[in-house]
Amino acid sequence: MSPIDEKSPDQGYWRSLEELGNTPEYCRFTEAEFPEEARVPTDAFSRRRFLQLMGASVAMAGAAGCRWPEEKIVPFAERPDGVVPGTVRRYATAMDLAGKVSPLLVTTNDGRPLKVEGNPDHPLSAGAADHFAQASVLEMYDPDRSREVLRRRGGSYDRRSWEDFIAWAGPHFETLRGNGGRGLAVLSEQSASPTLAALRRRLRDELPDAGWYEYEPVSRDNERLGSGLAFGTAQRAHLSLGAAAVIACFDADPLSDHPTSLRNARDFAEGRRAGHGRMNRLYAVESCPSVTGGMADHRFAVPTSRIPHVLHQLAAELFLHGGLELPRGMDRLRGAFAHVERQGHQETFVPALARDLTANRGRGLVVVGPRMPDHAHALCHLLNRALGNCGRTVTYSPEEPRGLTHGAAIADVAHGVGKGSIDTLLILGGNPAFDAPAELGLAELLARVPHSVRLGLYDDETSRTCAWHLPRAHYLESWGDVRDHDGRYGVVQPLISPLFGGWTAPELLSLLLDGEKRPAHAQVRETARGLGVRRDSAWKTLLRDGLLPGSEAAGGVPELEGRGLIAAVVRGARAAVPEPGRDNLEVVFAPDSCLYDGRFANNAWLQELPDYMTKLTWDNAALIGVSTAAELGVRHGDVVVLELGGRRLETAVYVLPGHASWSVTLTLGHGRERAGRVGGGTGFATYRLRSADAPDYGLGAVLAKTGRVYPLATTQDHHAIDAAGMAEREKRVPTLVIEGDLAEYAHHPDFASHRAHHPPLVSLWEERDYTGRAWGMTVDLNTCIGCNACVTACQAENNIPVVGKDQVARGREMHWIRLDRYFQGDPENPRVAHQPVACVHCEMAPCEQVCPVGATMHSEEGLNTMAYNRCVGTRYCSNNCPYKVRRFNFFNNNKGIPEVRKLVYNPEVTLRARGVMEKCTYCVQRIEKAKIAAKNEGRGLREGEITTACQQTCPTRAIVFGDLNDANSEVAKMTVDRRAYHMLAELNLKPRTAYLARLRNPNPELVESADGHAAR
C-alpha cells in the first residue's frame, strides 16, 4: 500500500465524515443534558465514617497478601500493629462479568481500593485489564449505590433493616423448604462462581419443585448449542491465536468481546511482531466495524444476516473445489454445499480466503461470533477439524450443562408469573425489567408477583417492581470464587468491608436453604476444600496468587457427531439468503463498548470514554453506512424512527464509514430511567426494539425521518492536528500515521524513516545534554488495537475528571490520552488505523517557550513537567502545542463531589483546580516512587521496574517506557528500530515518544487498489 505521506489529501487518511463534506448540525445544549457528575450534593457518607470502616479492612491485611474475615470494626486512629500509614498493598482478586472472568490485582492505600490492574501471574491477563474492570473501582464508590433495605407496597416504599427482612424471610423460606419449593423461582444473572453453582445444585435437590433460571441479555448460547450439534455434547472452544498464521473471523471479535480477549489480543500481537520476518494474516467478515475488524488485513462489510451464507460458501469452496476431505460418513454434505453455490449471492473474496486457509492447514483458525446461529457454529467446528486446526489453534473441553438458553429462561419466568405459578421470585443481580425482550412486558409482570425479592447494587428498574429490595455487596467488598474460561479456579477476596452493608448472593441463598445467613467466606472456603485446598498454607497461597495451579481443564479434540452436524449444516445451507434493502432494513443489536448491556450506565468514566470506532460519548446511536445514509436521505445527527415487528424507536443517526449496506447497528445499554444521577436518561432505549424472536439481528425494519436533529458528542475531531495547514506551509503531508505491508518491509526495512521528514541536525536552540536518565516511550502501531484500556488506566491513575456531555461537545474533555482513529480509502470499506497520542515530552518543547510564568519546564531527566500552582491559565502552551495534547480545566470539576466518590482519588497525584493546564506526565509519581525505593535499598533502577499506567494495562504490550540513555533498555532498542519514527518530526521538536510504523499482511490475491477496494 502506498504511504500516507505520498498520497494526495483525498486518498490519504481522513478522520471523519466532516472532512468529506458531511458536517453535522448541532442543537443547543441545555443544563439538563449535563449529568452533573461534578455538581451533585454531598451525601451522608462522610470521610470520618469511611475511616471507621477502613480500619477493619486494614486490620485484615496479612503478610501473605491475603484478606481474612474480621468482625470487629476499629477506627484507623487505633492503627493495627505493623501497618504504616500510606502503605500501598496489592491483593489478587477477580471480576465476574456475565461469566467472563478478569483476573485482577487491586492496589489499596490505607485500606482504600484505588487502582484495578490485571494479575501478572495469571495466564489470561498477564497484567492487563480491560476498561470495564478498571472502571469498576468507581462503581464501588458510586454514591447512588443502594444503601438500605426497602419494602415496597403499592406505589410507596418503606426503609427497613436487614433484621426486618430476616424476620419476614425466616418463616416464609421455612414454608418453602417444607413444601419442596413449590411456587419458588430464582432468577439469576450468569455467574462463573463454583460456590453459586453448588448452591444451585442444592436448591434443585432439596427444593425439587422450585425453578432456577439464568438470564443475560447478551449471551453466548449459540456457541454452546452449535458445539452440541457438532460434537453431541456442548464443548467449550479454547482459541490459540498465537499459533495461527491465518485467522478468519465471521462476525467475531475475539480481540474484544471474547471471554479470553486479553490473552487473544496478546497472542495476536505476538504474531504481528515484525522483527522475526513473518506475520499472521487476519480476515474479518462483519457488518459493523469492530476492534478485530480494525486490525484486519482484509475486512469485508457484509450484512450480519448474510454472514452465515458466506460461511457456507467458504465451506463449499473448500470441500468442492479446494481438495478438502469431508469426515467419514458426511459425504451427503456435498449436495448441501452444491445447493449453496446454486443459490448465487457469491462473495468474490471467498475463493482467495479458501486457498489461504488450505495453504496453511494446521496453522489456520476459523472463528464465528456469538450472534451467528447454531448451525454456523457447527459448521465452524467442521471447518477447523477438516483444516487440521483442532489440537493446534483450537482445543476443546466439556461445557457444564446449563439447561435452558437465556432467552427460553426469561420467557419461562414471564410465563410462570403470568399464569400465577410463581408465588415467590428471588432475583439475584441483573436487570431483567429493563433488558428482557420487549414483548414479554416483564416489568409489569414482576409487579404482580406476591413475594418478590431483589438483590442488586442499585435500586433500579427491576427493584422498583419488587416487594423487597436488598443492597448487594460490590465484588471488591465480597468473598466469592470463579472458574475462568479455561477452567482455572480463583478466589474473589474483598479489599474493604462493605461500605453500605450489602450481602452477596451465596449469603442470601444460605438464608433460603439453611434458615440462617452463612458468611460467604465460609462457603468459599468449603468449595476450595472440595478442590483440595485444605491446609491454611495452601489457602494463603491461593489468595496470594489468585489462581489454583493445575485446575484448568485439559484441552482435547472430541469426535464429531455425524447426525446432528449433518442436520445442522444442511439446515443452514438450505436457509433462504436474505436481501436487505430500503424497505427491508437489517437491525443488529450489539452490546455497547462502554456500558456493555447497561449495567455500567451510572459509571461516569465509562460514559465519557469515547467508543473505539465512533468516538461517541454519553450516547448511543443508529450506526448506518455512508451509501445507505445517502440512499435514505439521512445525515449524521438526524433523528429517525425505526420500526421493526410492530415496535418503534426514536434514535439519532451516526453515519459510520465501513458499515455494511442496508444494515443498522443499535448498541444496547442506554436509555436507563433509574440508573442514577450520572446515567439516567442518556442515549436511546434500544431494548424496546429487541424481541425474543430476533435477539441478535432482525430483518424487515423501516426507517423514517422526523426532521429533528440530535446533538451527538464525539471526540474524534477535537484537538485535531492542523494537517491541511501544515501540508500547505511545508508542501508535504505531515508525519502522523506511517504504514506499509510486510513485503515492503522485507525488501525495505527502514521505509518508515524514509517517509518521515528529517530536519537539519543542527538546532538553533541550545540543547540539554542528559548524562543521567532520559525517559522515553515507544508505541507500536502494529500491535495497538485501540481497545481504550490505556485511556481508562490513565484516568484512574491520574485523577482525571469527567466533564459531561455538554463540555465534551465543546471540545473540553480532559483525557490525557486520546486514541485517534483514521480511515483511509473508500468510505464503503476503508482501512482503519489507531494512534494513541499523549504528551510526547518534546526536547525542544514549544509550550515551554511561550509560557509567561514558567509553569511548564524540563526536568533533569527530560520530562516536560507542569507546576500546577504556578499556571495562570493563559493557554498559550496549548495553542503552541502542535500535538494538541494539553487539557485545560475550565471548571473546578472536583467541587461538590460526594464524599464517598472522592475516595477513588489517588493520593499520590495532585488534584488540579480550575484554570490550570494539565497533560501526560509519563506517570512521574511512579517514576519517583521507584527511585525512592531503589535509593532506600542502595541500588540503581532496574530495567522494567517503572511501568506507566498505560503501559502496564496494555493487553498487546504496544507501549514501552524506559531510559533512553540505557542502550540495553527495551525502549532504547525500539526507538532505533527500523520501523521507528517520530510524529511531526519535521517540526524539529525532538519528541521523546516514538512510534513504530504499522504493517499489514495482505493476501497477494486480494491486492488492494488505491481507492481501498480489494481487487475482485
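Given the structure is predicted, the values throughout are model-derived calculations rather than measurements.

J.: How should I be thinking about helix α9 (residues 333-342) in this particular structure?
T.: Along an α-helix, a turn takes 3.6 residues, which lines up residues three or four apart on a common side. All buried positions along α9 are accounted for by Leu 333, Ala 336, Phe 337, His 339 and Val 340. Down the axis of α9, the sector holding all buried residues measures 150 degrees, keeping them to one side. A positive backbone phi angle near 80 degrees is found at Gly 344, which sits one or two residues after α9.

J.: What exactly am I supposed to notice about the sheet that holds strand β17 (residues 468-471) here?
T.: By definition, the strands of a sheet pair up through backbone hydrogen bonds, in either a parallel or an antiparallel sense. Overall, mixed pairing links the seven strands, which are arranged β6-β5-β17-β16-β15-β7-β8 in an open sheet. A single partner strand is all that each edge strand has here, and the edge strands are β6 (156-160) and β8 (211-214). Across the sheet, the axes of successive neighbouring strands diverge by a mean angle of 15 degrees, strand direction being ignored. In this sheet, β8 lies alongside strand β7 (residues 184-188) in parallel orientation, the contact comprising four bridges. For Val 186, the partnering residue across the bridge sits in β8 and is Trp 212. Contacts from helix α3 (residues 162-178) reach β5 (149-153), β6, β7, β15 (424-428), β16 (451-456) and β17, with the element oriented near 120 degrees to β17. Packing of helix α12 (residues 406-419) onto the sheet brings it into contact with β7 and β8, and relative to β8 it is tilted by some 130 degrees.

J.: Whenever I open this one, the pairing of strand β11 (residues 281-286) confuses me. Can you help?
T.: Along any regular strand the residues' side chains alternate between the sheet's two faces. Extensive coverage of β11 is indicated by the burial of six of its six residues. Side chains Arg 281, Tyr 283 and Val 285 of β11 all project onto a buried face; the interleaved residues Leu 282, Ala 284 and Glu 286 project onto the opposite face, where all are buried too. Here five bridges tie strand β10 (residues 246-250) to β11, and the two strands are oriented parallel to one another. If you follow Ala 248 over to β11, its bridge partner there is Tyr 283. Since β10 and β11 lie parallel, the crossover through helix α6 (residues 261-270) that links them has a hand, and here it is right-handed. Where β11 lies against strand β12 (residues 298-301), four bridges are found, and the strand directions are parallel. Pairing of Tyr 283 across the sheet is with His 298, part of β12.

J.: Which parts of the structure should I look at to understand the sheet that holds strand β4 (residues 112-118)?
T.: Strands sit in the order β2-β3-β4 across an open sheet of three strands; the sheet is antiparallel. Bordering the open sheet on either side are β2 (88-97) and β4, each of which pairs with just one other strand. Between one strand axis and the next, the sheet turns through 35 degrees on average, direction left out of account. Here β2 pairs with strand β3 (residues 100-109) via ten bridges, running antiparallel.

J.: Honestly, the pattern of salt bridges in this entry has me stumped. Any pointers?
T.: Two side chains carrying opposite charge are able to pair once their charged atoms lie near each other. The final tally for this structure, using the stated rule, is 58 salt bridges. In this structure, Arg 200 and Glu 214 form a salt bridge, with 3.6 Å as the shortest nitrogen-oxygen distance. You can see Arg 200 sitting in helix α4 (residues 194-206) and its partner Glu 214 sitting in strand β8, a full 14 residues away along the chain. We note that Arg 200, like Glu 214, is buried. The partner of Arg 224 in a salt bridge is Asp 221, with the nearest N and O atoms 3.2 Å apart. A residue pair is termed a helical-turn pair when its members lie 3 or 4 positions apart in one helix, as Arg 224 and Asp 221 do in helix α5 (residues 221-231) at three residues. Because the salt bridges share partners, they merge into one network encompassing Glu 189, Glu 216, Arg 472, Asp 597 and Arg 599.

Conventions adopted
- Residues numbered from 1 in each chain as written.
- Predicted model: local features only at pLDDT ≥ 70, side-chain atom pairs only at ≥ 80, totals over all residues.
- Heavy atoms only, no water.
- Buried < 20%, exposed > 50% of the residue type's maximum accessible area, 1.4 Å probe, protein only.
- Helix = DSSP H or I, 4+ residues; strand = E, 2+ residues; numbered from the N terminus.
- Arc of directions from axis to C-beta.
- Pairing = 2+ DSSP bridges.
- Axes fitted to C-alpha atoms, helices over the stretch in contact; angles between N-to-C directions.
- Contact = heavy atoms within 4.5 Å.
- Right-handed = clockwise from strand over helix to strand, strands pointing away.
- Salt bridge = Lys/Arg side-chain N within 4 Å of Asp/Glu carboxyl O.

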